[in-house]
Amino acid sequence: MTVTVPRARESAPPRPVRRHGSVLGNAGLYLATGIAAFLFLVPFYLLVRNALSTDAEITGEHWKFFPTDLQWGNIGALFDDSSVPFARSLLNSTVVAVLHTAGVLLVCSLAGYALARIPYRHANKVFYAVLGTLMVPTAVTFVPSFVLVSSLGWVDSYRGLIVPGLFSGFTCFLFRQYFLGFPKELEEAARVDGLGYWGAYWRVVVPNSLNFFAAIATITFINGWNSFLWPLVIGQDPSAWTVQVALSSYMTNQTVVFHQIFMATAISILPLLFVFLFLQRWLVQGIAQTGIKG
């Protein structure tokens, strides 16, 4: 005789309890994020809208979300303007920003690594001297720097635009603080293999610090691209203008060419946008990390 034991009913999995506080919190977070995104995108909308409009539509009383006829010819007119060599200024800004970024990364990373790792009894004094340069206003060193560059014959040249800004006390400080937190075990292993300070820096430290280098490179490139006062003084000939100097030439005491200003600005921010989109992953990781992943 077979006895059948009835199975106990399987209990259904507990339903997740939704808390009204968390739902309201998420809704508020999404709302705040949406408002912030809208506020950030409004200037870009105005930039593109005005770049593809005529001066009458930009300054007219009746506002349109987009002009009836998009003025794509403003792009050609911008580059065909013989009074402002905009294409040349874009090239100059690219060369200056790229070489400036590469030079700052090399010089400041070497200086920061030396201050953090090479034993020297006056290392702290040198470090304090570097920090002291941060307390000197830029206006104080501007005229002496120009006199020096002018005496070397570097006016209207890439050397005059790039070389004076290759050292940054603040960037050197950032590299020193980062290298102080870098694992010494990796460098000690490199020295066991016969590498010196330069070999350990180039073969061990740099490959394991690319996130931090990318973060510094992004900030330095943006600062170099947006630099205005020094290129304005050094680039006296139109062939040596950078893009920021070229932008200022569209607005004078006599005339203001609105559509050209907006079109030139829209084109000039494209390199910055590409650099940020390409390096954003490394930028976030470089800022978030204080060392390297074990």
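Every value quoted in this text rests on a predicted model; they were computed, and no experiment measured them.

Focus on the UniProt feature "transmembrane region" (unreviewed entry) in the chain
Annotation from UniProt places "transmembrane region" (unreviewed entry) at residues 28-48, 95-115, 127-149, 161-179, 200-222 and 257-279. Between the first and last C-alpha atoms of residues 28-48 the distance is 30 Å; the span itself is 100% helix and 0% strand. What you have in residues 95-115 is 100% helix and 0% strand, and the ends, taken at the C-alpha atoms, are 30 Å apart.

Focus on the side chain of Ser268
Tracing the sequence through the fold places Ser268 in helix H14 (residues 258-268). Apart from residues lying up to four places away in sequence, Ser268 is in contact with Leu90, Trp225, Val243 and Leu247.

A short note on the pattern of salt bridges
Applying the stated criterion across every chain, the model contains one salt bridge. Put simply, Glu187 and Arg117 hold a salt bridge, and the shortest N to O gap is 2.7 Å. Of the two residues, Glu187 is situated in helix H9 (residues 184-192) and Arg117 in helix H4 (residues 86-117); the sequence distance between them amounts to 70 residues.

Some thoughts on unusual backbone geometry
If you check the backbone angles, Asp156 has positive phi at about 60° while not being a glycine. Locating Asp156 in the fold gives a position in the loop between helix H6 (138-151) and helix H7 (158-162). Overall, Asp156 belongs to the partly exposed group, its relative accessible area being 35%.

A word on a nonpolar patch on the surface
On the surface, Val48, Phe65, Phe66, Leu70, Trp72, Ile75 and Phe79 cluster together into a nonpolar patch covering about 670 Å² of accessible area. Tracing the sequence through the fold places Trp72 in the loop between helix H2 (55-59) and helix H3 (73-80). Residue Trp72 is classed as exposed on the basis of its relative accessible area, which comes to 53%.

Considerations on the environment of Gly112
As for its position among the elements, Gly112 is in helix H4. The buried category is assigned to Gly112, whose relative accessible area is 0%. Between the C-alpha atom of Gly112 and that of Cys172, which follows or precedes it by 60 residues, the distance is 5.1 Å. When residues no more than four places from it in sequence are discounted, the contact partners of Gly112 are Cys172, Phe175, Arg176 and Phe179.

Comments concerning the packing of H4 against helix H8 (residues 169-180)
Contact geometry for H4 and H8: axes closest at 7 Å, N-to-C directions at 50°. In terms of their interaxial angle, H4 and H8 are classed as oblique. Viewed along their axes, H4 and H8 form a crossing whose handedness is right-handed. Within the contact between the two elements, H4 uses Val104, Leu105, Cys108, Ser109, Ala111, Gly112, Tyr113, Leu115, Ala116 and Arg117 and H8 uses Thr171, Cys172, Phe175, Arg176, Phe179 and Leu180. Residue classes in the contact of H4 with H8 are distributed as 11 nonpolar, three polar and two charged.

Details of the side chain of Asn74
Relative to the helices and strands, Asn74 resides in helix H3. Of the residues examined, Asn74 reaches a relative accessible area of 10% and is grouped as buried. A polar side-chain atom of Asn74 sits 3.2 Å from the main-chain carbonyl oxygen of Ser53. Those residues in contact with Asn74 that sit more than four places away from it in its chain are Ala51, Leu52, Ser53, His259 and Met263.

A word on H8
Here H8 is 12 residues long and its end C-alpha atoms lie 17 Å apart, about the 16 Å a rise of 1.5 Å per residue gives. Among all positions of H8, only Gly169, Thr171, Cys172, Phe175, Arg176, Tyr178 and Phe179 are buried. Taken together, the buried residues of H8 touch H4, helix H5 (123-133), helix H10 (197-205) and helix H11 (210-226).

Describing the packing of aromatic side chains
Under the counting rule described, the total for this entry stands at 17 aromatic pairs. Consider the rings of Phe127 and Phe173, whose centres lie 6.1 Å apart with planes at 20°: the pair is stacked. Remark: Phe173 occurs in helix H8 and Phe127 occurs in helix H5; sequence separation between them is 46 residues. On the accessibility criterion, Phe127 (8% relative accessible area) is buried. The exposure class assigned to Phe173 is partly exposed, which follows from its relative accessible area of 25%. Here the aromatic rings of Tyr178 and Phe179 are separated by 5.7 Å at their centres, their planes lie at 65°, and the arrangement is edge-to-face. Neither residue differs from the other here; Tyr178 and Phe179 are each classed as buried.

How each quantity is defined
Within every chain, residues take consecutive numbers counted from 1 along the sequence as written. Per-residue local features of the predicted model are confined to residues with pLDDT of at least 70, and side-chain atom pairs are confined, for both listing and counting, to 80 or more; whole-chain, interface and lining totals are unaffected and use all residues. Values shown for side chains rest on all heavy atoms present in the structure; no hydrogens or waters enter the calculation. UniProt positions are given in the numbering used here, feature names are shortened, and annotations may be inferred rather than shown by experiment. In DSSP terms, a helix is any run of H or I states spanning at least four residues, a strand is any run of E spanning at least two, and both are numbered starting from the N terminus. Here, residues are in contact when the closest pair of their heavy atoms is within 4.5 Å. Any Lys or Arg side-chain nitrogen found within 4 Å of a carboxyl oxygen on Asp or Glu counts as a salt bridge. Buried residues are those whose accessible area, probed at 1.4 Å on protein chains only, stays under 20% of the maximum for their type, while exposed residues exceed 50% and partly exposed ones sit between those limits. Every patch collects residues that have over 30% relative accessible area and no salt bridge, joining them within 9 Å if they carry like charges and within 5 Å if they are nonpolar side chains (Val, Leu, Ile, Met, Phe, Trp, Tyr). Accessibility throughout is a Shrake-Rupley quantity obtained with a 1.4 Å probe, and a residue counts as covered only by protein chains that appear here. The angle between two axes is taken between their N-to-C directions and runs from 0 to 180 degrees, where each axis is a line fitted to C-alpha atoms and a helix contributes only its stretch in contact. Note that the term roughly parallel is reserved for angles under 35 degrees, roughly antiparallel for angles over 145, roughly perpendicular for angles of 65 to 115, and oblique for everything else. Here a crossing is called left-handed whenever its near helix is offset anticlockwise from the far helix by less than a right angle, and right-handed whenever the offset is clockwise. In the scheme used here, Gly and all other residues not listed as nonpolar or charged are polar, with Ala, Val, Leu, Ile, Met, Phe, Trp, Tyr, Cys and Pro taken as nonpolar and Asp, Glu, Lys and Arg as charged. In protein, a polar contact requires one atom able to donate a hydrogen and another able to accept it; more generally it is a pair of N or O atoms within 3.5 Å, and residues adjacent in sequence count only if both atoms are side-chain atoms. Here the expected span of a helix is defined as 1.5 Å times the quantity of residues minus one. Aromatic contacts are taken between Phe, Tyr and Trp rings whose centres are within 6.5 Å, Trp giving its six-membered ring; a plane angle under 30 degrees counts as stacked, one over 60 as edge-to-face, and the others as tilted.

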